[in-house]
Amino acid sequence: MSVYGSFPGSRPRRLRTTPAMRRMVAETRLHPADLILPAFVREGISEPIAISAMPGVVQHTRDSLRKAAVEAVEAGVAGIMLFGVPADENKDAVGTAGTEPDGILQVAIRDVKAEVGDDLVIMSDLCLDEYTDHGHCGVLDADGRVDNDATLERYAEMAQVQADAGVHVVGPSGMMDGQVGVIRDALDETGHEDVSILAYTAKYSSAFYGPFREAVASSLQGDRKTYQQDPANARESLRELALDLEEGADMVMVKPAGPYLDILYRVAEAVDVPVSAYQISGEYAMIEAAAEKGWVERDRAILETLTGIKRAGADTILTYWATEVAGWLRNQ
């Protein structure tokens, strides 16, 4: 019998022959509306400040943030996640600047809302770490440990002022027990029932946050291992997920994205709410650094990592390349 008549009977390569064929049978597709742009706005600066560990990313002025928001809308990006960076002299032990109506994040929310209205989903980081002089995500007790329940009271105040400023979605990122429920109650009790909560459900204590700490001018002393998740644990993320959903989370997140695709897959398989993943600063910095050295093809590496995150189950992806990649996708 001729070898051509018996082997191989199936040839998957037929579906890889041309770019058009590969596009037609692609199982995973990125779209601009899948992407959310994290953005930093710093108090008291007149020009954007480059973040050395994150080439191409800056601490925005209020004016440059408005421009970035417009560019994101024009590219088709779904949302923008805002992080405030207060002046050092405005940091204190309880993060007062985070709950002042005229604090930098609240001002930035109003600026973006005035500029783009509802054309972009405006999200805000709801955490104290940017505003405390010790850099932790909560209030410290007499022994220097993060006091979970005292921190929840501050989060409730933050939720109210961010909602008053016009935010569409709050993103509590501090990993305090009970934070979603307390924030939901605070929003509902102050007439902000329509403000959504994107829960940082599985936020791991990661080595990849380093560049972010430069981006927010962190004052962190010590580490966050007592409240962020241990990278060794997977089942624990599903426990956190169940609690966040019970407390009223509208959307859930896995952070970081790339090193935790297994967690992302488990979460996506378990829920019927939208799932986000945050491609964090260290993930961004590694590709940019390797591309600068000529060790990887930058654009291909970016798209491959984002496609992998989407394939693992993310409905939306927070990435510092959001506007750039959205432009690529629109021009395909």
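So, here's what we can say about the structure. (Residues numbered from 1 in each chain as written. Predicted model: local features only at pLDDT ≥ 70, side-chain atom pairs only at ≥ 80, totals over all residues. Heavy atoms only, no water.)

Assigned secondary structure in the protein consists of 12 helices and 10 strands. Taken over the C-alpha atoms alone, the protein extends approximately 85 × 45 × 40 Å along its principal axes. In the protein, buried positions account for 50% of the 332 residues. Restricting to contacts in the protein with at least 6 residues of sequence separation, those with at least 24 account for 75%. Put simply, the protein shows about 15500 Å² of open surface, and 49% of that area lies on carbon and sulfur atoms. (Helix = DSSP H or I, 4+ residues; strand = E, 2+ residues; numbered from the N terminus. Buried < 20%, exposed > 50% of the residue type's maximum accessible area, 1.4 Å probe, protein only. Contact = heavy atoms within 4.5 Å. Areas by Shrake-Rupley, 256 points an atom, 1.4 Å probe, with all protein chains shown as cover.)

This model, assessed by the stated rule, comprises 15 salt bridges. Across the salt bridge formed by Arg145 and Asp143, the nearest N and O atoms sit 3.2 Å from each other. Comparing Arg145 with Asp143 shows no difference in burial state: the two are exposed. Two residues, Arg298 and Glu324, come together in a salt bridge whose shortest N-O distance is 2.9 Å. You can see Arg298 sitting in helix α11 (residues 298-312) and its partner Glu324 sitting in helix α12 (residues 322-330), a full 26 residues away along the chain. (Salt bridge = Lys/Arg side-chain N within 4 Å of Asp/Glu carboxyl O.)

Moving on to the nonpolar core. Membership of the largest hydrophobic core comes to 95 residues, with the highest contact counts inside it found for Phe40, Ile80, Leu82, Tyr155 and Tyr278. Excluding anything up to four places from it in sequence, Tyr278 contacts Pro38, Phe83, Tyr200, Phe212, Met253, Val254, Lys255, Pro256, Ala257, Glu283, Leu318 and Tyr320. (Core = buried A, V, L, I, M, F, W, Y, C linked by side-chain atoms within 4.5 Å.)

Summed over all chains, the structure comprises six aromatic pairs. Above the ring of Tyr209, the side-chain terminus of Lys203 is found at 5.9 Å from the ring centroid. (Phe/Tyr/Trp six-rings, centres within 6.5 Å; stacked < 30°, edge-to-face > 60°. Lys NZ or Arg CZ within 6 Å of the ring centre and 35° of its normal.)

On the surface, a cluster of nonpolar side chains totalling about 280 Å² of accessible area is made up of Leu15, Met24 and Val25. Mapping Leu15 onto the fold places it in the loop between α1 (3-6) and α2 (19-25). (Patch = residues over 30% accessible without salt bridge, like charges linked within 9 Å, V, L, I, M, F, W, Y side chains within 5 Å.)

Note: most peptide bonds trans; most residues except glycine with negative phi. Residues Lys255 and Pro256 are joined by a peptide bond in cis, for which omega reads -5°. Locating Pro256 in the fold gives a position in the loop between β8 (251-255) and α9 (261-270). With phi around 60°, Met175 is a residue other than glycine that occupies positive phi space. Inspection of the secondary structure assignment puts Met175 in the loop between β6 (169-172) and α6 (179-189).

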